[in-house]
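Here's the letter readout for the chains.
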Amino acid sequence: MMLELRDIDAGYGTVQVLRGLSLQLAAGEVLCLLGRNGAGKTTLMKTILGLADRRAGSIRLDGVEIGTMPAYRIPRLGVGYVPQGRRLFGEMTVAENLRIGQLAGDGDEATRNSALAMFPRLEERLGQRADTLSGGEQQMLAMARALCLGPRVLLLDEPTEGLQPSMIALIRDAASALAAGGVAVLLVEQRVEAVLEIADRVAFLENGRLALDTTPDALRADESLVHRYVGV
Amino acid sequence: MEFGPHLILALLEGLVQASVLMLTALGLSLVFGVMRVVNVAHGEFFMLGAVLAHVVAGWFGAHPALGFIAALLLAPPLVALAALAFDRTVLHRLGHDPERTIVATIGLLYVIQQLTLMTFGPEARPVTAPFNHRIAIPWIETTAAGLSFYFPWGLSTTSYKLFVVVAAFAASAGVWLMMARGRVGLVLRATQLDRETAQAFAIPVHQVYGFVFALGAGLAALGAVLVVPIRQAHYLMGGDPLLLSFIVVIIGGLGSLRGTVWAALLIGMSDGIVSVFFSPTLAKILATLLVALVLVYRPGGLFGAKPA
Ligand SMILES: Nc1ncnc2c1ncn2[C@@H]1O[C@H](COP(=O)(O)OP(=O)(O)OP(=O)(O)O)[C@@H](O)[C@H]1O
Ligand SMILES: [Mg+2]
């Protein structure tokens, strides 16, 4: 298993969000995580990254325990993060944002070039401040920044939020291309139909644990499941 | 003295003051900008730099120039180390929380001040400048024969004061380059902009904080070493630099290095000029008034980045 969470209790300070959560993710797999607002999807990603307070349980990356590591060491092991709301370094240029991604990995130019090749539009805007990009371009940059570290595990937190259909398709195709290349992708989404095509598995988060771990086919066969866990 | 030469003199004094203030305020601004820590003990790091300069220079009693060079090389790193130790032992444990660290640095202020009083004593102590040639400055006058130069009595500066200006500008330019180019600046700016995302990109923010706190203290100490041959070292000398640095950082826009540089020049120069023509007290009153006005009408600072 590329990424393995077992019996995770985590939250922020005294607030507990995740309760006994277990999850597995294999290389080349796309796991789509669904859940209501406030279910703890973002918290799950932050827990993997060491940015939330993990109180119990283990997190293994390729068999190595990362749950006890300080947050800044985890990206170096190949965990790329595309945060909810993009969280770009707005006052920096596109190139500087990419450079930060690069510095988090091995700094390889080839990795950066292949990240840019996925989003050629960024190439024309390298000198532009990140906060002056359009919403779609910002999302591309958030993806490219994470790809610049050469991730083996990619955490995508609502990467299509607020984007038009063609942009959603672009982001989605990028995610599935990465998975085809062996990257383990954990994808948080609100719009189920947007991701069912590329997901290998779909999991629902409820009350701080995975309520259901299933396949897109099973979901298509029984749409009441989506309604039950996401409420749409 | 006539008005013209008098003004030149005031400008020169102001420039010396401004350049040292620029270094000191850059330190405060970096610490506030990157760490969100209001370092009330910043002036004490300045004082510590001056006091250590006196101590180190004393080892080379017979060779004042050597003593000064040793002070310049040793005092700022020593002060930076002390700051790093404080960051590791106290600020880090407070999670660099903006409010609790204020209290901690207030405590540090008194600890440094009283320790210095106990060991160094209450006297003001000099440090000899490594060189100190008087440089007379010519002025122009119009005579029947046309324009001619003459050297008005009292219109002079010293080679050392010019050195202070050049050294302070060079060090500030170094800080600027470090922040604007290269890896260290990128890492520092990322930490400043978004600490959590910075960590998600392998930036060890707590180490960055330690580095920045040490750098900020080191810059204050460097400013102090430069100015101590003009001012003398005294255990209470940290008050003015702290006040003026705060004024500069507020007027320049919190966390903006460019603003800090411009505001230091504005405040330092006007402080020098008003002090020469009127009184140092009036200079402080005006600067404080300006701060109040800026806080009311331009809370982002006169030179800060445009509000997002
Ligand atoms: N920094 C924090 N401190 C305290 N509580 C937090 C913090 N961040 C999130 N929470 C709480 O944790 C719970 C889970 O939040 P989280 O952001 O993980 O939800 P989510 O599933 O990502 O929701 P959304 O779909 O709206 O993004 C919420 O109740 C939220 O209020
Ligand atoms: Mg979320």
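Reading the values: rules and limits
Residues numbered from 1 in each chain as written. Chains lettered and ligands numbered in written order. Predicted model: local features only at pLDDT ≥ 70, side-chain atom pairs only at ≥ 80, totals over all residues. Heavy atoms only, no water. Helix = DSSP H or I, 4+ residues; strand = E, 2+ residues; numbered from the N terminus. Rg over C-alpha atoms; globule rule 2.2 N^0.38 Å. Buried < 20%, exposed > 50% of the residue type's maximum accessible area, 1.4 Å probe, protein only. Contact = heavy atoms within 4.5 Å. Areas by Shrake-Rupley, 256 points an atom, 1.4 Å probe, with all protein chains shown as cover. Lys, Arg positive; Asp, Glu negative; His and termini not counted. Charge placed at Lys NZ, Arg CZ, Asp CG, Glu CD. Pairing = 2+ DSSP bridges. Axes fitted to C-alpha atoms, helices over the stretch in contact; angles between N-to-C directions. Salt bridge = Lys/Arg side-chain N within 4 Å of Asp/Glu carboxyl O. Expected span 1.5 Å × (residues − 1). Near = heavy atom within 4 Å. Polar contact = N/O pair within 3.5 Å; in protein donor to acceptor, adjacent residues only side chain to side chain. Nonpolar A, V, L, I, M, F, W, Y, C, P; charged D, E, K, R; others polar. pLDDT = per-residue confidence, 0-100. Buried area = accessible area lost by both parts, 1.4 Å probe. Phe/Tyr/Trp six-rings, centres within 6.5 Å; stacked < 30°, edge-to-face > 60°. Lys NZ or Arg CZ within 6 Å of the ring centre and 35° of its normal.

A few words now on the overall build of chain A. Scanning chain A for helices and strands turns up 9 helices and 10 strands. Computed over its C-alpha atoms, the radius of gyration of chain A comes to 17 Å, within 12% of the 17 Å expected for a compact globule of 232 residues. Within chain A, the proportion of its 232 residues that are buried is 55%. Taking all contacts inside chain A whose residues are at least 6 apart in sequence as the whole, residues at least 24 apart take part in 69%. When the accessible surface of chain A is split by element, carbon and sulfur atoms take 47% of a total near 9200 Å². Averaging the coordinates of the 25 positive side-chain charges in chain A and doing the same for the 29 negative ones gives two points 5 Å apart.

Residues and elements named next belong to chain A. Taken in spatial order, the 6 strands of this open sheet run β6-β7-β8-β3-β9-β10, and their pairing is mixed. Among the strands making up the open sheet, the edge pair consists of β6 (79–82) and β10 (209–214). When the angles between neighbouring strand axes are averaged without regard to direction, this sheet yields 20°. Judged from the 5 bridges that link them, strand β7 (residues 153–157) and strand β8 (residues 184–188) form a sheet pairing that is parallel. When the sheet's bridge partners are listed, V153 is paired in β8 with A184.

A separate point is the pattern of salt bridges. All names here are of chain B. For the structure on display, the rule yields 18 salt bridges over all chains. The shortest N-O distance in the salt bridge between K284 and D271 comes to 3.5 Å. Of this pair, K284 sits in helix α11 (residues 280–297) while D271 sits in helix α10 (residues 257–277), placing them 13 residues apart in sequence. We classify K284 as buried; its relative accessible area is 18%.

Under the 1.5 Å per step criterion, the end-to-end length of helix α6 (residues 182–193) of chain B is 17 Å for 12 residues, consistent within 8% with the ideal 16 Å. Each element contacted by the buried residues of α6 of chain B is listed here: α2 (94–104) of chain A together with α1 (3–35), α5 (159–180), α7 (195–200) and α8 (205–231) of chain B.

We now examine the site of ligand 1. Residue and element names in this part refer to chain A. Close to ligand 1 lie 13 residues, the nearest being G38, K41, T42, T43 and Q84. A distance of 3.1 Å is found between an oxygen atom of ligand 1 and a side-chain nitrogen or oxygen belonging to Q190. Burial of ligand 1 by the surrounding chains reaches 61%, relative to a free accessible area of 640 Å². At 3 residues, helix α1 (residues 41–48) tops the list of elements feeding residues into the shell around ligand 1. Among the residues forming the shell around ligand 1, the class breakdown is 3 nonpolar, 7 polar and 3 charged.

Attention now moves to the confidence of the model for chain B. All names here are of chain B. The share of residues in chain B with pLDDT of 70 or more is 98%, and the mean pLDDT across the chain is 91. Ranking the elements of chain B by mean pLDDT puts strand β2 (residues 139–143) last, at 80, and α8 first, at 97. Scoring of the predicted complex yields 0.92 for pTM and 0.94 for ipTM.

Our next topic: the pairing of β2 of chain B. Residues and elements named next belong to chain B. With 5 bridges joining them, β2 and strand β3 (residues 146–150) adopt antiparallel strand pairing. What sits directly across from T142, in β3, is L147. Connecting β2 to the next strand, β3, in antiparallel fashion are 2 residues.

A positive phi angle is found at R86 of chain A, which is not glycine, with a value near 75°. Within the secondary structure, R86 of chain A sits in the loop between β6 and α2. Not every positive phi belongs to a glycine, and A202 of chain B is a case in point at roughly 70°.

Now for the interface of chain B and chain A. At the junction of the two partners, chain B supplies 17 residues and chain A supplies 20 residues. Where chain B abuts chain A, roughly 1800 Å² becomes buried across the two surfaces, and 68% of that area is made up of carbon and sulfur atoms. On the chain B side of the interface with chain A, the three residues burying the most area are L186, E196 and F201 of chain B, jointly 34% of the side's total. On the surface where chain B and chain A come into contact, there are 4 salt bridges.

This brings us to the packing of aromatic side chains. Residue and element names in this part refer to chain B. Inspection of every chain in the model, using the stated rule, returns 8 aromatic pairs over all chains. A centroid spacing of 5.8 Å and a plane angle of 80° characterise the contact between F45 and F213, whose relative ring orientation is edge-to-face. Of this pair, F45 sits in helix α2 (residues 42–58) while F213 sits in helix α8, and the two are 168 residues apart along the sequence. Above the face of the F120 ring, R125 is positioned so that its terminal group lies 4.6 Å from the ring centre.

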